[in-house]
Amino acid sequence: PEYDFIKELNDNQRQAATTLDGPLLLLAGAGSGKTKTIIARSALIAAQRKAAPVEVLVMTFTNKAADEMKIRGKAMLKNLNVKASSPAVFTTFHSWGAKFLRVVNPGVLAGLGLKPDFNIVDESYKYSLISKLIPKVFDLSKNKELKKLLKASAIDKLFTIFHINFVPYSDAKITAKRLKVLEHDEWAAMIGALMGMGEFNLEDSSEIERLFAELFVRYKETLRANNGVDFDDLIGVPLIVLQNNPDIRLAVQQAYKYIMVDEFQDTDNVQFALVKEIVNPVTNNICVVGDDAQSIYKFRGAEVRLILNFHKHFKNTQIINLNTNYRSCRQIVEKSNLLLESSKERHAQKAELKAFKRGEGIITARYFDTFVNDEAEWVAGDIAAK
């Protein structure tokens, strides 16, 4: 309480920022000042000398968010006269994974087919590589429809689905066995499309799974042969390293005394598995911040059940609600609450959002045939008219 940046917080934010030890879940509604709270919490840890700034790891999802936190955190430490070359380690999952792999023992990397100067391939390279491998695995000569279906962009999406479902790629037979029990809508749709495709008609899916397993394994092998990793590898490979090397895992757990994860509702199962390897099991000093109502990235693997069931993964989790909205007027917040009442995936202890602003406003409802054009044109016209 003696610090000005703590006095500036509301009661719930202050409780969140000053609850430092043990697992903590912050249910942060829209516009509730979660970033301000995260930065204050990291600064307080440093100010009270519970950890050096570099021993505080804050994971988020965009470089922009990480950079903003880094700047604000550094300024806050300067105001506190806390000498530090940098604030807490504000980073994205992928950036952390890349930096981690750069400093891993070269012998460990070699066992995974990589060297420390590995290349991170972009989407264009991936599509090109997949396009070259498809005809080496699938016979496209007799079926034009097959060629249309097996596009590099579609296969790349499937590979990400394999990634978030922990499908291995070291052995094609093991991969095929895992694909056989994989439950995912897009994967099931691909199998269905292939099985009903004329000359490619099959009595069961075993052959399709075998072919995709071969394609997946050859894709990863080709990447490694060229000392390359894709974005999925920046999460998946560090996870493999930590799971299979207890000494490295212990070193990482001791390096970070406090861990925070922002936008936790957007995490997928592999990202959460990585976080659990990084957290020191003795202290369990992990704080996750998120909002089940803002979970909109299921299409890219985000798993809202992770935030709903966080307390089951970490015993004695404290739960604090950040439920004062500073962004919108009262009517918007109240109508939003009404919409969210019907949500089937809602945390049992989540408090209703309340508006700080009391200004009046008018909410109108519109229906559009297409969001891409009609909605955009109406919004632009309405703004211009005002």
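Up top is the structure.
Everything numeric here is computed off the predicted structure, so don't read it as measured data.

**Student:** An account of the overall build of the chain is needed here, citing residue identities and associated values.
**Tutor:** Broken down by element type, the chain carries 19 helices and 10 strands. Seen along its three principal axes, the alpha-carbon backbone of the chain occupies a region of about 75 × 60 × 40 Å. Counting every position in the chain, which comprises 386 residues, the buried fraction comes to 47%. Across the chain, the fraction of contacts at a sequence separation of at least 24, relative to all contacts at a separation of at least 6, is 78%. For the chain, the computed accessible surface area is about 20600 Å², with 52% contributed by carbon and sulfur atoms.

**Student:** Please provide a residue-by-residue account of empty space enclosed by the protein, values included.
**Tutor:** One pass over the structure, following the stated rule, counts two cavities of 30 Å³ or more. Size it by volume and the second largest cavity reaches roughly 50 Å³. Lining the second largest cavity are Lys-126, Asp-156, Phe-159, Thr-160, His-163, Phe-216, Tyr-219, Lys-220, Asp-230 and Asp-232. Elements that contribute at least two residues to the lining of the second largest cavity include exactly helix H9 (152-164) and helix H12 (206-225). Per-element tally for the lining of the second largest cavity: the top contributor is H9, with four residues. Looking at side-chain class alone, the lining of the second largest cavity contains three nonpolar, two polar and five charged residues.

**Student:** Account for the sheet that holds strand E7 (residues 286-290), naming residues and giving values.
**Tutor:** If you walk across this open sheet you meet the six strands as E3-E2-E6-E7-E1-E8, and the pairing is parallel. The open sheet has two edge strands with one neighbour each: strand E3 (89-92) and strand E8 (318-322). Strand-to-strand twist of the sheet, defined as the mean angle between neighbouring strand axes without regard to direction, takes the value 15°. In the sheet, strand E2 (residues 56-60) pairs with E3 via four bridges, with the strands oriented parallel. Paired with Val-58 across the strands is Phe-90, a residue of E3. Against the sheet, helix H5 (residues 93-103) engages E2, E3 and strand E6 (258-261), with an angle of about 105° to E3.

**Student:** Any details on unusual backbone geometry? Residues and values, ideally.
**Tutor:** The backbone phi angle of Phe-166 is positive, close to 60°, even though this residue is not glycine. Relative to the elements of secondary structure, Phe-166 occurs in the loop between H9 and helix H10 (172-180). Residues other than glycine seldom take positive phi values, yet Asn-316 does so here, at roughly 65°. The exposure class of Asn-316 is exposed, given its relative accessible area of 71%.

**Student:** With reference to specific residues and values, describe a nonpolar patch on the surface.
**Tutor:** Taken together, the side chains of Trp-378, Val-379 and Ile-383 make up a nonpolar region of the molecular surface, amounting to roughly 260 Å² of accessible area. Relative to the helices and strands, Ile-383 is located in helix H19 (residues 371-385). Its relative accessible area of 58% is what places Ile-383 among the exposed residues.

**Student:** How would you sum up the side chain of Gln-253? Please name residues and give values.
**Tutor:** With respect to the helices, strands and loops of the structure, Gln-253 is situated in helix H14 (residues 246-255). Judged by its relative accessible area of 10%, Gln-253 is buried. A distance of 2.9 Å separates a polar side-chain atom of Gln-253 from the backbone oxygen of Glu-277. Leave out the neighbours within four places in its chain, and Gln-253 touches Glu-277, Ile-278, Val-279, Asn-280 and Pro-281.

**Student:** I'd like a rundown of the packing of aromatic side chains, residues and numbers included.
**Tutor:** Within the structure shown, the criterion is met by 18 aromatic pairs. A centroid spacing of 5.0 Å and a plane angle of 10° characterise the contact between Trp-96 and Phe-100, whose relative ring orientation is stacked. Of this pair, Trp-96 and Phe-100 both sit in helix H5, four residues apart, which is roughly one turn of that helix. Neither residue differs from the other here; Trp-96 and Phe-100 are each classed as buried.

Cut-offs used in this document
Residues numbered from 1 in each chain as written. Predicted model: local features only at pLDDT ≥ 70, side-chain atom pairs only at ≥ 80, totals over all residues. Heavy atoms only, no water. Helix = DSSP H or I, 4+ residues; strand = E, 2+ residues; numbered from the N terminus. Buried < 20%, exposed > 50% of the residue type's maximum accessible area, 1.4 Å probe, protein only. Contact = heavy atoms within 4.5 Å. Areas by Shrake-Rupley, 256 points an atom, 1.4 Å probe, with all protein chains shown as cover. 1 Å grid on protein atoms, 1.4 Å probe; cavity = no way out; pocket = protein on both sides within 12 Å on 5 of 7 lines; lining within 4 Å. Points joined across faces, edges and corners; volume = space filled by probe spheres on them. Nonpolar A, V, L, I, M, F, W, Y, C, P; charged D, E, K, R; others polar. Pairing = 2+ DSSP bridges. Axes fitted to C-alpha atoms, helices over the stretch in contact; angles between N-to-C directions. Patch = residues over 30% accessible without salt bridge, like charges linked within 9 Å, V, L, I, M, F, W, Y side chains within 5 Å. Salt bridge = Lys/Arg side-chain N within 4 Å of Asp/Glu carboxyl O. Polar contact = N/O pair within 3.5 Å; in protein donor to acceptor, adjacent residues only side chain to side chain. Phe/Tyr/Trp six-rings, centres within 6.5 Å; stacked < 30°, edge-to-face > 60°.

Without other data, these values stay purely geometric and don't point to any function.
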